[in-house]
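Residues per chain are reported as follows:
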Amino acid sequence: MTPRTPSSGSDPKNTAEAAGHDRPAPAKKAAAKKATAEKAVAKKAAAKKAAAEKAVAKKAAAKKATAEKAVAKKAAAKTTAAKAAATGAAARKTAKKAATAVKKKPATKAAARPAAPQPVAQAPVAPEPAAAWRPEGPAVVAVGPGDRERLLAGTHHDPHSVLGAHPVPGGVAFRVFRPYALGVTVVAGERRAGLRDDGEGFFSGLLPLPEVPAYRLEVEYAGTVQHTEDAYGFLPTLAEFDLHLIGEGRHEQLWQALGAHPMTHGGVTGTRFAVWAPHARGVRVAGGFNFWDGTGYPMRSLGATGVWELFVPGIGEGELYKFEITRPDGSRTLRADPLARRTEVPPATSSIVHASHHEWSDAEWMARRSQRPAHEAPFSVYELHLPSWRPGLTYRQLAEQLPAYVKDLGFTHVELMPVAEHPFGGSWGYQVTGFYAPTARLGTPDDFKFLVDALHQAGIGVLMDWVPAHFPRDEWALAEFDGRPLYEHADPLRAAHPDWGTLEFDFGRREVRNFLVANALFWCEEFHIDGLRVDAVASMLYLDYSREPGQWTPNEHGGRENLDAVAFLQEMNATVYRRVPGVVTVAEESTAWDGVTRATHHRGPSGFGGLGFGLKWNMGWMHDSLQYMSHDPVHRKFHHGEMTFSMVYAYSENYVLPISHDEVVHGKRSLVSKMPGDWWQQRANLRAYLGFMWSHPGKQLLFMGQEFAQGAEWSETRGPDWWLLDPNYGAAADHRGVLDLVRDLNTVYRATPALWARDVHPDGFQWITGDEADDNVFAFLRYDTDGTPLLAVSHFAPVVRPDYRVGVPDDVPAWREVLNTDAARYGGSDVVHPDPLKPEPQGRHGRPASIRLTLPPLATVWLRPA
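Residues numbered from 1 in each chain as written. Predicted model: local features only at pLDDT ≥ 70, side-chain atom pairs only at ≥ 80, totals over all residues. Heavy atoms only, no water.

This part is about unusual backbone geometry. Across the junction of P346 and P347, the peptide omega takes the value 10 degrees, indicating a cis bond. Non-glycine residue Y180 carries a positive phi angle of around 75 degrees. Inspection of the secondary structure assignment puts Y180 in the loop between β3 (171–177) and β4 (183–188). Although it is not a glycine, H528 sits at a positive phi angle of roughly 60 degrees. Of note, H528 is situated in the loop between α14 (510–526) and β25 (531–534). (Helix = DSSP H or I, 4+ residues; strand = E, 2+ residues; numbered from the N terminus.)

Shown next, in the form of structure tokens:
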């Protein structure tokens, strides 16, 4: 961290002298009344804080000598040398007594501390010439023993009731807590008063004022003077309505209430800090601005909400901070802000005060994205891991390359693996600690907004992985945040995730649900995210997920369903769809849970309302189809059902067909490497499979690197093997052929409503043949809303089948080939149909007419009415 440059506004030594430290009472009073002057000198010397006896005595004598000369000059007619000498003697005597008192005084906490670096000036302001007050009756306004002890221990729940300025009988009491300070002066307009040093960083004074004035503090440290507003002179910055919503767990824009927010409060600029920590005995703010010593920055508790708040003047954007929490057992922990909107670059863990300055340029995109629901629109997704797509690029550098690449390939959306801050890069972002902050590895939050903005301007939607199922156990993050289970479940069996060594959220606690629901909205509203792919939904839905008998407790009905998680997912989906039109939520749910994409108010056979997602990953289709493709073609006829079974349940949910990162890591091999045969057959199988996938009911998702047949598994440290596309590489044409196919698949797909408009309606699909197992052939029709068909024929055998009859409707006069994965430009054998194909009145596959095709080896062919 880089401390601020010390104030250049005034010389610290001169400022300290002007404030009245280490000098006798004002000269006019000394001249007017000798006795009064002597008493004032003695009182002032006694109040002075001395680090050591000799320093106090010598400094007092030196200052006094200077003061005597000034007095002599100003009051030569009334003051004699004898009086001056007497005054000097009295001062020396008083200073000696003060030094002796300091020596005898028991060691305090402040004195016992090793010398600490002193804070530097905030918002330096050159002091103006001002008249001096003299505090009255300091002993009666000092911080009492109980408050003093709690403030030093970090367990005070209401420091504002003690510190700051308060009307009391006889005037206004000023109390300041500034550890390491040498002196504190109150400055109000043209008047100033040095406060009494009460030891251990406490200063106080009673000023004869009718009401609390507008004032600032002048705090003297060794080598510098700080000019600042008093943090304990401000009313709370959170409205009662905010606190009411937080208490009920219904603050849908929670990020605007909690966290760190630069703002102007009472005409003063600074930062509001607010954190939810209901079990804490006390909370303090520590950061670069106070050299990570939060002792002098206690926060106040705002009632029964568990929220702690403090407005710190002079603190702005870019400051590092954490919350120092005193646990119920009295121990302390330093925690990152759960709602921090910016963080340090890992492995550093501090939160950073942030305010966005990005100006969006995607109004056109935002206006039209809600015109058609996702399940009735073209939806072809390119999944990628931002840090490794082009290793080393920042968000802004990615904005120069990614939109153009994705647009060229024709994908409608990108899906970003988790971008929320995470400490361990090897988790790929699935173990989140900063739920409200994009990872700082690639830039600032505004840099990430710039990337999203650039994608939108290129006509590309942005989905992001969202991980509300669990969080890591890092001691500086969410785990036992305030000393007890807070974000995690109090029951250890419910809290510990058995697979990942993480903790599961307590979905039954309203404040935790609020934290997560608001987080979903945060990404959609603040970052214009178009969709959330919710990770690991199955692990949330089942109490016995990856648990053996005896390791879980049934719900209140005796079942295995996690009713709290069900309620949370329903609330999240209902809230997102209500507040952010055009956004889609996607569930990665790997079981047969009923009603994942059914509306929340519609109950199903299980008795549950739907979860309310817009789309669901079809994990069954992915597993079965990849299993089929891995077989040698000679054996595929025995596994024919693995390609047809998906149509049994295709309309039970709104599906996405995912070939994601999970299928090309951890020894599963890349997509092309899963295919059997030699290199030509592997690529042919891959091309045929992609053609089948793009024509099957459901949306498509393809992970980076698979679009050009990368042979190696994905690694987050290396990313895609872009060198395979280098023209100087001998086999580059093979990989470019697959890339060209993906581009053409997307181009034809987007221009053919039959492939997406009726994805979730059974009348949008008809089998031509699903039982040609011996020939490894699948043929079906897809229909647009107006009845316009597309014929898709997939042939998964490595032979050519000439004159293969395929039954077709008799109301289409001719068919033309619009895509053939065996075309030479894709690297195929170029068995294509350049001319229109006219139906013949010979029936086939239960149809009155048929066309004759020459089926290419390991290929998929699409035909449309000519």
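Having seen the model, we can carry on.
Here we take up helix α11 (residues 395–409). In this model α11 runs 21 Å from its N-terminal to its C-terminal C-alpha over 15 residues, within 8% of the 21 Å that 1.5 Å per residue would give. The axis of α11 is deflected most strongly, by about 30 degrees, at Q401, and proline P403 appears within four residues downstream. Residues of α11 that are buried in the fold lie against β18 (380–384), α10 (386–389), β19 (413–416), β21 (434–438), α12 (445–457) and α20 (732–750). Positive phi shows up at G410, right after α11, with a value of about 85 degrees. (Expected span 1.5 Å × (residues − 1). Bend = angle between axes of the 7 residues up to and from the residue. Contact = heavy atoms within 4.5 Å.)

What follows covers the packing of aromatic side chains. Taken as a whole, this structure holds 49 aromatic pairs when the rule is applied. On the basis of an interplanar angle of 65 degrees and a centroid distance of 5.5 Å, the ring pair of W255 and F522 is categorised as edge-to-face. Placement of the pair is W255 in the loop between α8 (240–248) and β10 (259–265) and F522 in helix α14, with a sequence separation of 267 residues. Relative to F778, the ring of F692 has its centre 6.0 Å away and its plane inclined at 55 degrees; by these criteria the two rings are tilted. With F692 in helix α19 (residues 679–695) and F778 in strand β31 (residues 777–783), this residue pair connects regions lying 86 residues apart in the sequence. Each of the two residues, F692 as well as F778, counts as buried. The lysine or arginine in question, R390, covers the ring of W389, its NZ or CZ lying 5.3 Å from the ring centre. Here the basic side chain of R687 rests over the ring of W680, its NZ or CZ set 6.0 Å away from the ring centre. (Phe/Tyr/Trp six-rings, centres within 6.5 Å; stacked < 30°, edge-to-face > 60°. Buried < 20%, exposed > 50% of the residue type's maximum accessible area, 1.4 Å probe, protein only. Lys NZ or Arg CZ within 6 Å of the ring centre and 35° of its normal.)

The strands making up a sheet are joined through hydrogen bonds of the backbone, oriented either antiparallel or parallel. Strand order across the open sheet formed by four strands is β2-β3-β7-β6, with antiparallel pairing between neighbours. Either end of the sheet is taken by a strand with one partner, and the two such strands are β2 (164–168) and β6 (196–199). On average, each strand axis in the sheet is tilted by 25 degrees relative to the strand beside it, whichever way the strands run. By the bridge criterion, six bridges tie β3 to strand β7 (residues 202–207) in an arrangement that is antiparallel. Within the sheet, the bridge partner assigned to A173 lies in β7 and is L206. (Pairing = 2+ DSSP bridges. Axes fitted to C-alpha atoms, helices over the stretch in contact; angles between N-to-C directions.)

Both β10 and strand β11 (residues 268–276) contribute to a ladder of seven bridges, which runs antiparallel. Counterpart to H261 in the pairing with β11 is R272.

In this model, the second largest pocket occupies a volume close to 610 Å³. Residue composition of the lining of the second largest pocket, grouped by class: 13 nonpolar, nine polar and five charged. (1 Å grid on protein atoms, 1.4 Å probe; cavity = no way out; pocket = protein on both sides within 12 Å on 5 of 7 lines; lining within 4 Å. Points joined across faces, edges and corners; volume = space filled by probe spheres on them. Nonpolar A, V, L, I, M, F, W, Y, C, P; charged D, E, K, R; others polar.)

If you walk around this closed barrel you meet the eight strands as β18-β19-β22-β25-β26-β27-β28-β29, and the pairing is parallel. If you compare each strand with its neighbour and ignore which way they point, the axes differ by 25 degrees on average. With four bridges connecting them, β18 and β19 associate as parallel partners. Following the sheet pairing, V381 is matched in β19 by H413. Taken strand by strand, α12 contacts β19 and β22 (461–466), and its axis lies near 135 degrees from that of β22. Running over the sheet, α14 touches β22 and β25 and is turned about 155 degrees from β22.

A packed helix pair is summarised by two numbers, namely the angle formed by the two axes and the spacing between the axes. Contact pair α11 / α20: the axes reach a minimum separation of 7 Å and the direction vectors enclose 70 degrees. Classified by the interaxial angle, the pair formed by α11 and α20 is roughly perpendicular. Contacts between α11 and α20 pair Y405, D408 and L409 from the former with L739, V742, R743 and N746 from the latter. Class assignment for the residues of the contact of α11 with α20 results in four nonpolar, one polar and two charged. (Parallel < 35°, antiparallel > 145°, perpendicular 65-115°, else oblique.)

Structurally, A165 can be placed in strand β2. Assessed through its relative accessible area of 15%, A165 is described here as buried. If near-sequence neighbours (up to four positions away) are discounted, A165 is found in contact with V172, A173, F174, V212 and Y215.

To continue, consider the pattern of salt bridges. Two side chains with opposite charge may pair up if their charged atoms get near one another. For the structure shown, the criterion picks out 39 salt bridges. Of the charged contacts in the structure, one is a salt bridge between E229 and R216, with a shortest N-O distance of 2.9 Å. Here E229, found in the loop between β9 (224–228) and α8, pairs with R216, found in strand β8 (residues 216–221); they are 13 residues apart in sequence, far enough to count as distant. Between D721 and R718 there is a salt bridge; the shortest N-O distance is 3.2 Å. Owing to a relative accessible area of 8%, D721 belongs among the buried residues under this scheme. Members of the salt-bridge network, linked through shared partners, are E415, D465, R533, D535 and E588. (Salt bridge = Lys/Arg side-chain N within 4 Å of Asp/Glu carboxyl O.)

In this fold, V537 is placed in helix α15 (residues 537–541). The exposure class of V537 is buried, given its relative accessible area of 0%. Among all residues touching V537, those that are not within four sequence positions of it are L569, A587, E588, E589 and F613.

Our focus in this paragraph is the side chain of T326. Looking at where T326 falls in the secondary structure, it is placed in strand β15 (residues 320–326). Classification of T326 by relative accessible area gives buried; the value is 1%. Of note is the side chain of T326, whose polar atom sits 2.8 Å from the backbone oxygen of G154. Dropping the residues within four chain positions of it, T326 is found in contact with A153, G154, T155, A280, R281, G282, S331 and R332. (Polar contact = N/O pair within 3.5 Å; in protein donor to acceptor, adjacent residues only side chain to side chain.)

Counting residues in each nonpolar core, the largest one holds 184 residues, and the members touching the most others are F273, L386, F448 and W523. Here this core gets 10 residues from one element, more than from any other, and that element is α14. Those residues in contact with F448 that sit more than four places away from it in its chain are L386, Y395, L416, V419, P438, W523, F527 and I529. (Core = buried A, V, L, I, M, F, W, Y, C linked by side-chain atoms within 4.5 Å.)

This brings us to the side chain of R178. With respect to the helices and strands, R178 occurs in the loop between β3 and β4. No salt bridge is formed by the buried R178, whose closest oppositely charged neighbour, D230, lies at an N-O distance of 5.7 Å. Here Q226 takes part through its side chain, which lies 2.6 Å from a polar atom of the side chain of R178. Setting aside residues up to four positions removed in sequence, R178 forms contacts with G201, F203, V219, Y221, Q226, T228 and Y297. (Lys, Arg positive; Asp, Glu negative; His and termini not counted.)

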